[in-house]
Amino acid sequence: MLLECIERETGPDPSWSILWLHGLGADGNDFVPIVPELLRPGWPALRFVFPHAPVRPVTINNGVPMRAWYDIVDVDLANRADEGGVQQSVEQVEALIAREVERGVARERIVVAGFSQGGAVTLAIGLRSAAPLGGLVALSTYVPSAGKSRQVLAEGAARQPVFMAHGSQDPVVPFQAGQQSAALLRELGFDVDWHAYPMPHSVCAEEIRDLGDWLARRFAAG
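Residues numbered from 1 in each chain as written. Predicted model: local features only at pLDDT ≥ 70, side-chain atom pairs only at ≥ 80, totals over all residues. Heavy atoms only, no water.

Trainee: Just checking my understanding: could you explain the overall build of the chain for this structure?
Mentor: From N to C terminus, the chain includes seven helices and nine strands. Expected size for 222 residues packed as a compact globule is a radius of gyration near 17 Å; at 16 Å, the chain falls within 12% of this value. Counting every position in the chain, which comprises 222 residues, the buried fraction comes to 54%. Across the chain, every contact between residues at least 6 apart in sequence was considered, and the portion connecting residues at least 24 apart equals 72%. (Helix = DSSP H or I, 4+ residues; strand = E, 2+ residues; numbered from the N terminus. Rg over C-alpha atoms; globule rule 2.2 N^0.38 Å. Buried < 20%, exposed > 50% of the residue type's maximum accessible area, 1.4 Å probe, protein only. Contact = heavy atoms within 4.5 Å.)

Trainee: Any chance you could explain the packing of helix α3 (residues 83-102) against helix α4 (residues 117-128) here in plain terms?
Mentor: When two helices pack together, their arrangement is given by the angle between the helix axes and by the axis-to-axis distance. Contact pair α3 / α4: the axes reach a minimum separation of 9 Å and the direction vectors enclose 75°. On the basis of the axis angle, α3 is roughly perpendicular to α4. Seen from α3, the contacting residues are V86, Q87, S89, V90, V93, E94 and I97; seen from α4, they are V121, A124, I125 and R128. Along the lines of polarity and charge, the residues of the contact of α3 with α4 split into seven nonpolar, two polar and two charged. (Axes fitted to C-alpha atoms, helices over the stretch in contact; angles between N-to-C directions. Parallel < 35°, antiparallel > 145°, perpendicular 65-115°, else oblique. Nonpolar A, V, L, I, M, F, W, Y, C, P; charged D, E, K, R; others polar.)

Trainee: Sorry, what's going on with the sheet that holds strand β8 (residues 162-167) here?
Mentor: Picture the strands of a sheet paired through backbone hydrogen bonds; they go either parallel or antiparallel. Strand order in this open sheet of seven strands is β1-β3-β2-β6-β7-β8-β9, and the pairing throughout is mixed. Strands with a single pairing partner mark the edges of an open sheet, and in this sheet they are β1 (5-9) and β9 (192-197). Averaged over all neighbouring strand pairs, the angle between strand axes comes to 15°, with direction disregarded. Pairing of strand β2 (residues 16-21) with strand β3 (residues 46-51), which is carried by four bridges, proceeds in the parallel orientation. Residue pairing in the sheet places I18 in a bridge with F48 of β3. Against the sheet, α3 contacts β1, β2, β3 and β6 (110-115), and its axis sits at roughly 160° relative to β2. Packed on one face of the sheet, helix α6 (residues 175-187) meets β8 and β9 and runs near 170° to β9. (Pairing = 2+ DSSP bridges.)

Trainee: Could you clarify how one ought to interpret the packing of aromatic side chains in this entry?
Mentor: For any pair of aromatic rings, the description rests on two quantities: the centre-to-centre distance and the angle between the ring planes. According to the stated counting rule, one finds seven aromatic pairs in the structure shown. For the pair F31 and F115, a centre-to-centre distance of 5.6 Å together with 50° between the ring planes defines the contact as tilted. Taken together, the residues span a long stretch of sequence, with F31 in the loop between β2 and α1 (34-38) and F115 in strand β6 at a distance of 84 residues. F31 gets classed as buried once you look at its relative accessible area, which sits at 8%. For the ring pair F175 and W194, a centre distance of 5.8 Å and an interplane angle of 50° mean the geometry is tilted. With F175 in helix α6 and W194 in strand β9, this pair connects stretches of sequence that are 19 residues apart. A residue is classified by how much of its surface remains accessible, and W194, at 21% relative accessible area, is partly exposed. (Phe/Tyr/Trp six-rings, centres within 6.5 Å; stacked < 30°, edge-to-face > 60°.)

Trainee: I tried to follow the nonpolar core on my own but got confused; where do I start?
Mentor: Note that soluble globular proteins tend to have their nonpolar side chains buried in a common cluster. Y70, L185 and F190 are the most contacted members of the largest nonpolar core, which totals 43 residues. Excluding its chain neighbours within four sequence positions, the residues that come into contact with F190 are G126, L127, L136, L153, A157, A158, Q160, V162 and L185. In this structure, L38, F48, F163 and Y197 belong to the second largest nonpolar core, which totals 28 residues. (Core = buried A, V, L, I, M, F, W, Y, C linked by side-chain atoms within 4.5 Å.)

Trainee: In this structure, what is going on with unusual backbone geometry? I would like to understand it.
Mentor: Excluding glycine, most residues fall at negative phi; most peptide bonds, likewise, are trans. A positive phi angle, near 50°, is found at D13, a position not held by glycine. Backbone geometry places S145, a non-glycine residue, at a positive phi of 50°. On the basis of relative accessibility, which here comes to 17%, the residue S145 falls in the buried class.

Trainee: Looking at this structure, how should I read the environment of A158?
Mentor: The residue A158 is located in the loop between α5 (149-152) and β8 in this model. Residues A158 and M66, 92 residues apart in the sequence, show an inter-C-alpha distance of 33 Å. Excluding residues that lie within four positions of it along the chain, A158 makes contacts with L188, G189, F190 and D191.

Trainee: Please clarify how the pattern of salt bridges should be interpreted in this entry.
Mentor: Should their charged atoms come close, side chains of opposite charge can pair. Tallying each qualifying case throughout the model produces 11 salt bridges. One salt bridge in this structure joins D213 and R40, with 2.7 Å as the shortest N-O distance. Note that D213 is positioned in helix α7 (residues 205-221) and R40 in the loop between α1 and β3, a separation of 173 residues in sequence. Residue classification places R40 among the partly exposed positions, given a relative accessible area of 28%. Its salt-bridge partner being R150, residue E187 comes within 3.8 Å of it at the nearest N-O pair. Taken together, the residues E187 in helix α6 and R150 in helix α5 connect sequence positions 37 residues apart. For E187, a relative accessible area of 56% gives the class exposed. Given a relative accessible area of 56%, R150 falls into the exposed group. Through salt bridges with shared partners, a single network forms among E7, E9, R47, R99, E100 and R103. (Salt bridge = Lys/Arg side-chain N within 4 Å of Asp/Glu carboxyl O.)

Take a look at the structure:
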């Protein structure tokens, strides 16, 4: 069964889709307000899809059920992500990608974006994606189970462009973790556009502007 989603279309017959994955404890509504801030004149018609993660107990929060893309089992980043949960979320988002393809949007015109936990799932999808997506947007996040990245890396996956951004004062996902993840992706062959901002675990106006610039280049090339 497909995840429930909120959708916003910026024009008829969208030729691009952007799937946006929220962070831990939020839901699909979290990034809906970003649409008007991001849009620019001359862009193609877009379909934004904001799925709601399933509700599950989160170990690090005393087992309290909340919307989460995977369980967080440890503060330590190397062991933080529940690998089974990550894989399940990868499959659920791939099902949404397949629906976009069925609706007439080519896979290479689908961008997957995510914040924090959603960004970790975005990068997990990107590593495993043998048929490249139009781009990956990973905000305030990290590569889950980074030590196994080479094992799961699909042939051709590194053709996908990546936009990564992180706050230098992030108390949730350390800034260094974002830097290390960007470096790892570059080692694996990805073209990573990395940005840092003086902010905590959040999103800022400069980041939206820079992401808009990056998306504009994707649309122009595609």
